[in-house]
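Chain by chain, the residues:
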Number of protein chains: 2
Amino acid sequence: VKAFFNEGFIDEKNACLHISDLSILRGYAVFDFFRTKDSVPLFVEAHIDRFFQSAAMLNLQPGHDKESTRSIVHELIRQNGLAASGIRLLLTGGYSNDGYTPSTANLIVTQQPFEFRQASIFEKGIKLVTFEHHRELPEAKTTGYVTAITLNPFITGKGADDVLYHTNGSVSECRRANFFIVTNDGVLVTPGDGVLKGITRSRVIQLAGGSMDVEVRKISLDEVYNAAEAFVTSTTKRVLPVTAIDGRKISDGRPGRITAMVDEILQENEEAYINHEFGLNHKISSYGPANHQPLR
Amino acid sequence: VKAFFNEGFIDEKNACLHISDLSILRGYAVFDFFRTKDSVPLFVEAHIDRFFQSAAMLNLQPGHDKESTRSIVHELIRQNGLAASGIRLLLTGGYSNDGYTPSTANLIVTQQPFEFRQASIFEKGIKLVTFEHHRELPEAKTTGYVTAITLNPFITGKGADDVLYHTNGSVSECRRANFFIVTNDGVLVTPGDGVLKGITRSRVIQLAGGSMDVEVRKISLDEVYNAAEAFVTSTTKRVLPVTAIDGRKISDGRPGRITAMVDEILQENEEAYINHEFGLNHKISSYGPANHQPLR
């Protein structure tokens, strides 16, 4: 499998960072992650936009502009020939002389096989347990997952699948997913502050907004426990129903009707995106010095 | 310069981590840092103890026990011949198959030239600006410094040298240093909760406790502004006087008498430690398969 490293494509197994890199010494790095389906990188523009926003919040300068980054992604897909995959963009603080001050950022783009979840996972849903915490710089997609990973034994001990973070009585997000509820009045609600602005989250707000009321606002723990439905969204999961929180069933403890509808809307939107990209493919140039070879 | 990497000594310039390491992908790593003076690693037992505590908080298993880690440090000092240096112990989450789950930890030990601060830095003191924040897992020395580093422009803009974190009205610590005040009653006070348990901080509490009252408790911002003296402690700085906080002078804005006394006590203690280690040196074995070569 090939990876892109700063200026060119190399074998992924040779993609190493010197230990003076600030991602290693100071956790100073941002990333983004998206799926490919039928070799199409899903919503890649939105992910690259967010990647650049995350970089700006850490004062990191990517060495390639957005268009060039997109060409790198397409060329990586072409070279690896992995139709269903996950692609990670990673930008680090660079090799630091004093182990603290950022320098020229290192850009790494990797691809790995990724099969989308089975339908049975959706039918089963997931259980959450709440935990008081707010992520550092929540709107930047940094590599800071120390709390998330150290919570594994706590989550397992509670018989849950993931954590729902809350602070000052309001819930925010899960460890790697955004959180939504459907109220008993049929309104779709998701927190607006202190959360990562997920690409799937944005698509839900936009697409579901066409057929139902959507509110972006604070949600109390109490409102969560009494919701008609709850679900999480993420690039890797799309939509997953939440069937219980802190051991309390959400409604009857089965995936909700609106949750399933939202997942269907997203799936249709994904397919429309793929069809649209196939139509455009001859226009997208691949990465290279001359930068005008056709993608396929 | 040589570095130690998992099982042996290599050129530091070849010390690289594959990009699947969780320090890179998830900021999942702990470290420690201490000085050497006259080739003696200062308070190395305390630093190794804390390094192992940090590792345990992240469920990371170091591949070497404490005694072996100490032998690695001594052998690195012998190989590099750097008398005045900084030594970093780094333990990462390891190469992860799924980019999220920790595996076998990677241990890296590096050494770099380090000259201790000039006396003029002490005489000048430093200025702090307060910022509401608490570090994630503050008692583990993780590599999480995203907030610390992104605060640089804020600190410069305020004409300050460092940040003093506070939360819920109580101060905690600086970005890479612990914080003390001397009250108008001559009591030395430092926060006890939500801070990294600095090795220099512990030495201050222990050594100054012989000649003055020491309290480990919450300190309000108001108490800070009205303190008789304030100073920070760290391995690299030992003691530095704080002359102003949020633009308000501490007392007359000059380094305090007790601050200078604490620095002197620490310096004497350092020298005693070095003399003691010189006496013991023939007993400390260096790292190696047989593990019983004499250090020098």
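Residues numbered from 1 in each chain as written. Chains lettered and ligands numbered in written order. Predicted model: local features only at pLDDT ≥ 70, side-chain atom pairs only at ≥ 80, totals over all residues. Heavy atoms only, no water.

(A) Local environment of the interface of chain B and chain A. At the junction of the two partners, chain B supplies 41 residues and chain A supplies 41 residues. Across the interface of chain B and chain A, roughly 3,800 Å² is buried in total on both sides, 59% from carbon and sulfur atoms. Contact with chain A buries surface across chain B, with Arg26(B), Tyr100(B) and Glu136(B) losing the most and accounting together for 20% of the total. For the side of chain B that touches chain A, the secondary-structure elements that each account for two or more residues are strand S3 (16-18), helix H1 (22-26), strand S6 (85-92), strand S7 (106-113) and helix H5 (146-150) of chain B. Per-class residue counts for the side of chain B that touches chain A are 21 nonpolar, 13 polar and seven charged. Bridge count between strand S3 (residues 16-18) of chain A and S3(B): three bridges; the pairing is antiparallel. Residue pairing across strands places Leu17(A) opposite Leu17(B), the latter belonging to S3(B). (Contact = heavy atoms within 4.5 Å. Buried area = accessible area lost by both parts, 1.4 Å probe. Helix = DSSP H or I, 4+ residues; strand = E, 2+ residues; numbered from the N terminus. Nonpolar A, V, L, I, M, F, W, Y, C, P; charged D, E, K, R; others polar. Pairing = 2+ DSSP bridges.)

(B) Seen up close, the nonpolar core. Ranked by size, the top nonpolar core spans 101 residues in total, and within it Leu91(A), Val109(A), Leu91(B) and Val109(B) carry the most contacts. Those residues within four positions of Val109(A) in sequence are excluded, and the remaining contacts are Ala3(A), Phe4(A), Ile72(A), Leu76(A), Ile87(A), Arg88(A) and Leu89(A). (Core = buried A, V, L, I, M, F, W, Y, C linked by side-chain atoms within 4.5 Å. Buried < 20%, exposed > 50% of the residue type's maximum accessible area, 1.4 Å probe, protein only.)

(C) Expanded view of the sheet that holds strand S2 (residues 8-11) of chain B. Residue and element names in this part refer to chain B. Strands sit in the order S2-S1-S7-S6-S4-S5 across an open sheet of six strands; the sheet is antiparallel. In this open sheet, the two edge strands, each paired with only one partner strand, are S2 and strand S5 (40-41). Here four bridges tie strand S1 (residues 2-5) to S2, and the two strands are oriented antiparallel to one another. The partner of Phe5 across the bridge, within S2, is Gly8.

(D) Representation of helix H9 (residues 257-280) of chain A. The end-to-end C-alpha distance of H9(A) is 35 Å, a good match for the 34 Å that 24 residues give at a rise of 1.5 Å each. Within the sequence span of H9(A), burial applies to Ile258(A), Thr259(A), Val262(A), Asp263(A), Leu266(A), Glu270(A), Tyr273(A), Ile274(A) and Glu277(A). (Expected span 1.5 Å × (residues − 1).)

(E) Examining the pattern of salt bridges more closely. Residue and element names in this part refer to chain A. Scanning the entire structure with this criterion turns up 36 salt bridges over all chains. Between Arg50 and Asp32 there is a salt bridge; the shortest N-O distance is 2.8 Å. Residue Arg50 is located in helix H2 (residues 44-57), and its partner Asp32 is located in strand S4 (residues 29-37); the two are separated by 18 residues in the primary sequence. Exposure class is identical for Arg50 and Asp32. Each is buried. Through salt bridges with shared partners, a single network forms among Arg35, Lys37, Arg117, Arg238, Asp263 and Glu270. (Salt bridge = Lys/Arg side-chain N within 4 Å of Asp/Glu carboxyl O.)

(F) Examining the environment of Leu164(B) more closely. Residue and element names in this part refer to chain B. By the element assignment, Leu164 lies in strand S9 (residues 162-167). We classify Leu164 as buried; its relative accessible area is 0%. In this structure, the C-alpha to C-alpha distance between Leu164 and Thr130, residues 34 residues apart in sequence, is 4.6 Å. Beyond its immediate chain neighbours, meaning those up to four positions away, Leu164 contacts Leu128, Val129, Thr130, Phe131, Val171, Glu173, Cys174, Phe179, Val224 and Ile245.

(G) Quick look at the packing of aromatic side chains. Following the criterion strictly, the structure yields 14 aromatic pairs over all chains and no others. A ring pair is formed by Tyr145(A) and Tyr100(B), whose centres lie 6.3 Å apart and whose planes are at 80°; its orientation type is edge-to-face. Of this pair, Tyr145(A) sits in the loop between strand S8 (126-132) and helix H5 (146-150) while Tyr100(B) sits in the loop between S6 and S7, placing the two residues on different chains. Assigned by exposure class, Tyr145(A) and Tyr100(B) land together as buried. Relative to Phe9(B), the ring of Phe4(B) lies with its centre 5.1 Å away and its plane at 70°, an arrangement referred to as edge-to-face. When sorted by exposure, Phe4(B) lands in the same class as Phe9(B), which is buried. Joined through ring pairs, the aromatic side chains of Phe31(A), Tyr145(A) and Tyr100(B) make up one cluster. Taking NZ or CZ as reference, Arg176(B) lies 3.4 Å from the ring centre of Tyr100(A), over its face. (Phe/Tyr/Trp six-rings, centres within 6.5 Å; stacked < 30°, edge-to-face > 60°. Lys NZ or Arg CZ within 6 Å of the ring centre and 35° of its normal.)

(H) Layout of the confidence of the model for chain A. Residue and element names in this part refer to chain A. With 95% of its residues at a pLDDT of at least 70, chain A reaches an overall mean of 94. Across residues 285-296 the pLDDT falls below 50, and counting only partners more than four positions away or on other chains, this stretch makes 30 contacts in the model. Model confidence for the complex is summarised by a pTM of 0.93, with the ipTM given as 0.93. (pLDDT = per-residue confidence, 0-100.)

(I) Structural view of the relation of the copies chain B and chain A. For the pair chain B and chain A, the superposition axis carries a translation of 0.0 Å, the fit reaches an RMSD of 0.0 Å, and the rotation angle comes to 180°. Expressed as an axis order, the relation between the two copies is that of a two-fold axis. Rotation axis and chain B: the residue whose C-alpha lies nearest the axis is Gly27(B), separated from it by 2.2 Å. Interface overlap between copies: 100% of the residues of chain B at the interface are likewise at the interface in chain A, consistent with a symmetric, same-surface contact. (Least-squares fit on C-alpha atoms with pLDDT ≥ 70 in both.)

(J) Representation of the environment of Ala208(B). Residues and elements named next belong to chain B. Within the fold, Ala208 resides in helix H7 (residues 199-208). Separated by 20 residues in sequence, Ala208 and Leu188 have C-alpha atoms that sit 8.3 Å apart. Beyond its immediate stretch of four places on either side in the chain, Ala208 contacts Leu188, Arg203 and Val214.

(K) Highlighting the sheet that holds strand S7 (residues 106-113) of chain A. Residues and elements named next belong to chain A. Taken together, six strands build an open sheet; the order of strands is S2-S1-S7-S6-S4-S5 and the sheet is antiparallel. Two strands close off the open sheet at either side, each with one partner strand: strand S2 (8-11) and strand S5 (40-41). Two elements, strand S6 (residues 85-92) and S7, share eight bridges in a ladder whose sense is antiparallel. Of the residues in S7, the one forming a bridge with Thr92 is Asn106.

(L) Fine view of the side chain of Arg88(B). Along the chain, the position of Arg88(B) falls in strand S6. Nearest to the buried, unbridged Arg88(B) among oppositely charged side chains is Asp98(A), at 7.9 Å. Residues in contact with Arg88(B), not counting those within four places in the same chain, are Leu25(A), Arg26(A), Gly99(A), Phe31(B), Asp32(B), Phe33(B), Ile108(B), Val109(B), Thr110(B) and Gln112(B). (Lys, Arg positive; Asp, Glu negative; His and termini not counted.)

(M) Region of interest: the state of the cysteines. Counted by the stated rule, this structure contains zero disulfides over all chains. Between Cys16(A), a free cysteine, and Cys16(B), which holds the nearest cysteine sulfur, the sulfur-to-sulfur gap is 5.8 Å. On the accessibility criterion, Cys16(A) (26% relative accessible area) is partly exposed. (Disulfide = S-S within 2.5 Å.)

(N) Focus on H2(A). All names here are of chain A. If you check H2, its first and last C-alpha atoms are 20 Å apart, about what 14 residues at 1.5 Å a residue would give, namely 20 Å. Here H2 has its buried residues at Val44, His47, Ile48, Arg50, Phe51, Phe52, Ser54 and Ala55. Following H2 by one or two positions, Asn59 adopts a phi angle in the positive range, close to 55°.

(O) Seen up close, unusual backbone geometry. Residue and element names in this part refer to chain A. Backbone geometry at Asn6 places phi at a positive 60°, although glycine is not the residue there. By secondary structure assignment, the location of Asn6 is in the loop between strand S1 (2-5) and S2. A relative accessible area of 22% places Asn6 in the partly exposed class. Its identity is not glycine, yet Asn59 carries a phi of approximately 55°, on the positive side.

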